[in-house]
Amino acid sequence: MLMRFLTGLFLLMPVFAYGQLSQNLFIDTKAMSLGNAVTADPVGIMDIHFNPAGLTKLDDRQIQIQLMNIVLKSEADFSLPEDYDSSQAGLLDIADDPILDQNGNAKSEATAAAYIPGYGIMPMTLPLLTLPNGGISIKPPGSKFTFANAVYAPMAAGFAKEDDDAGRFQAKQVALQRFTYFSPSFGYQVNDQLSLGAGFLFSHQAVAVVQDIRAPNVLISVLEELQDAFACFDDNGNSTGNDPLAPIISLCGGNVGPYDDVGELTIKTEETLSPSFNLGLLWEPVDWFAFGMGYQSEAKSRLKGTYELNYSDDFADFFRTFNNSIVGAIGGAIFSLPTGLKKEAGNVTTELIYPQHFQTGIKLRFLDDFQFNADAGWTDFDKWDELKFRFDRQVSFLGAAKTLAPDLVTNDTLRQPLGYKSVWSFGFGFQYDLNSRVQLRLGYEPRKSSIPDEARSIQAPLGFARMYSLGMGYQWDLDTVVDLSLSFMQSQETILADPQDAEASGEYENSSNALNRNCLTCTVTNPYPGLDVETRLTIGAAGFSFRTKF
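Residues numbered from 1 in each chain as written. Predicted model: local features only at pLDDT ≥ 70, side-chain atom pairs only at ≥ 80, totals over all residues. Heavy atoms only, no water.

Considering the overall build of the protein chain
- A count of helices and strands for the protein chain gives 7 helices and 21 strands.
- Counting only C-alpha atoms, the protein chain reaches 90 × 45 × 40 Å along its principal axes.
- The buried share of the protein chain, taken over its 550 residues, is 57%.
- The contacts in the protein chain between residues at least 6 apart in sequence include a share of 74% that link residues at least 24 apart.
- Here the protein chain contributes 39 positively and 66 negatively charged side chains, and the mean placements of these two sets differ by 10 Å. (Helix = DSSP H or I, 4+ residues; strand = E, 2+ residues; numbered from the N terminus. Buried < 20%, exposed > 50% of the residue type's maximum accessible area, 1.4 Å probe, protein only. Contact = heavy atoms within 4.5 Å. Lys, Arg positive; Asp, Glu negative; His and termini not counted. Charge placed at Lys NZ, Arg CZ, Asp CG, Glu CD.)

What about the pairing of strand 9 (residues 261-286)?
- One ladder, built from 20 bridges, connects strand 8 (residues 194-214) with strand 9; its direction is antiparallel. By the bridge assignment for strand 9, Leu 201 is matched with Ser 276.
- Taken together, the 8 bridges between strand 9 and strand 11 (residues 299-311) define a ladder with antiparallel strand orientation. Looking at strand 11, one finds that Glu 270 is bridged to Lys 304.
- Where strand 9 and strand 10 (residues 289-296) come together, 7 bridges link them in antiparallel fashion. Paired with Asn 278 across the bridge in strand 10 is Gln 296.
- Adjacent in sequence and paired antiparallel, strand 9 and strand 10 are bridged by 2 residues. (Pairing = 2+ DSSP bridges.)

Looking at the pairing of strand 8
- Counting buried residues along strand 8, 17 of its 21 residues qualify, which places the element largely inside the surrounding structure.
- Sheet topology note: the strand 6 (residues 173-182)/strand 8 ladder contains 9 bridges and is antiparallel. Of the residues in strand 8, the one forming a bridge with Val 174 is Val 209.
- When strand 7 (residues 185-189) meets strand 8, the two strands line up antiparallel, connected through 5 bridges. Residue pairing in the sheet places Tyr 188 in a bridge with Leu 196 of strand 8.

Quick notes on the packing of aromatic side chains
- Under the definition given, this model contains 22 aromatic pairs.
- An angle of 65° between the planes, with centres 6.4 Å apart, marks the rings of Phe 169 and Tyr 528 as edge-to-face. Here Phe 169, found in the loop between strand 5 (145-160) and strand 6, pairs with Tyr 528, found in the loop between strand 20 (480-495) and strand 21 (532-549); they are 359 residues apart in sequence, far enough to count as distant.
- Take Tyr 528: its relative accessible area is 0%, and that puts it in the buried class.
- Residues Tyr 474 and Trp 476 carry aromatic rings whose centres are separated by 6.0 Å and whose planes lie at 80° to one another, so their mutual orientation is edge-to-face. (Phe/Tyr/Trp six-rings, centres within 6.5 Å; stacked < 30°, edge-to-face > 60°.)

All we've got here are geometric facts, nothing functional implied.
Next comes the structure, spelled out in structure tokens:
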């Protein structure tokens, strides 16, 4: 029973897919309109992020304010496989899953959420999420240095679902956020062709999740069958007082089944000071060609926070009475089973690496009014190989899991394998100078997923995605530039269940260990075993930027 959700309880593996989701997204309006292919094409003060060497293009004193308005929707469709036969189901009939309607289908929808330091996850009630950022730059007269500082979020993603949503068993609420609140940076113009730059970033890092828990498993089904045979509960779920094997063993303390709620888990962790640095180079040997490189260092954050696990009444009552029986007392002592408490809470710490990122690109001008940008970027997601949580006390729900997976679990630690892969991604931008004031832009960015197939989930439904964008720049006057952008991105995944007659130890490439495997001994969560799942992540964004001298 515990094996299904205990060792995989802290199911933050899919949460980290958000790191890739927000990589280089929603940071700068011009960059978005050019497919984020701007390493060799300075954008303004947000070159702090893309390529600090580009800051040398900013004269005098300038201020920039940006608003990125985002519409985000995450959807998942659950269904019974077309060839599913309930008569061959055995003890665990997938068709009995209460999330399914009479046609064997269910739907989950999630909207945007944000992490508020000191509070936690806040669902956005409005369909529109606005991400502001801004900064200033100063270039002293006659100096080769340009200094700048900005406030922005290099990583910001979150989702929230309703309390009765079918997908609540994989993150009812989740957020992964990195907020840079101080970023002193500089660009240095070596000569007319070459510029160098660097930035020193001080950020707040947060990871948080709220998740309902259930344990659909054959072992739980056996227990439910025994409770039915013993007539422990009436048709309304009320206790009949029957417990025929007590005091040898008590199985009627609480009404439990494979699709019953076990409880709700809440984790909130954050680090208020997470430093990192950026480096950049910009080379412009001729007026029609430019080459740029940008490097963002990794940052190790020791996240500290709290966890709280509220068990359902039936789950807590079952273990309370079970442990009071002879077999329960002995088994509970040997396997460190839950004691029957309705709530466990305490402090938790983990180390999160914000992965290093390298990007390089070119800018080509041709036919006077046309420009083409191309970038290639690499992110070191290999560093997300595993995640280890350390609790400030022995936690009862890890006790049994330790017996089943001693290489992953102790009484106060949990190690969660991740297995993410480093990937290269590319971006392309096209610009047309309509006249001396107006620039029209198009962008395209195919984004390859770093998530292994066996780790796909509805918690972060991000597979291969394509971003399409357009925008314009407008020279308002000699000192003022306005940029606008519109962008659209969508990712779709089909995650088929294992065959109904699948071997528990078999290899089935279509299903996911983090979602719908038919596996009795899996040590990661599978809250939707046997169901086919289709996911869709849709993001639309409209950006506005205003930069002027002061």
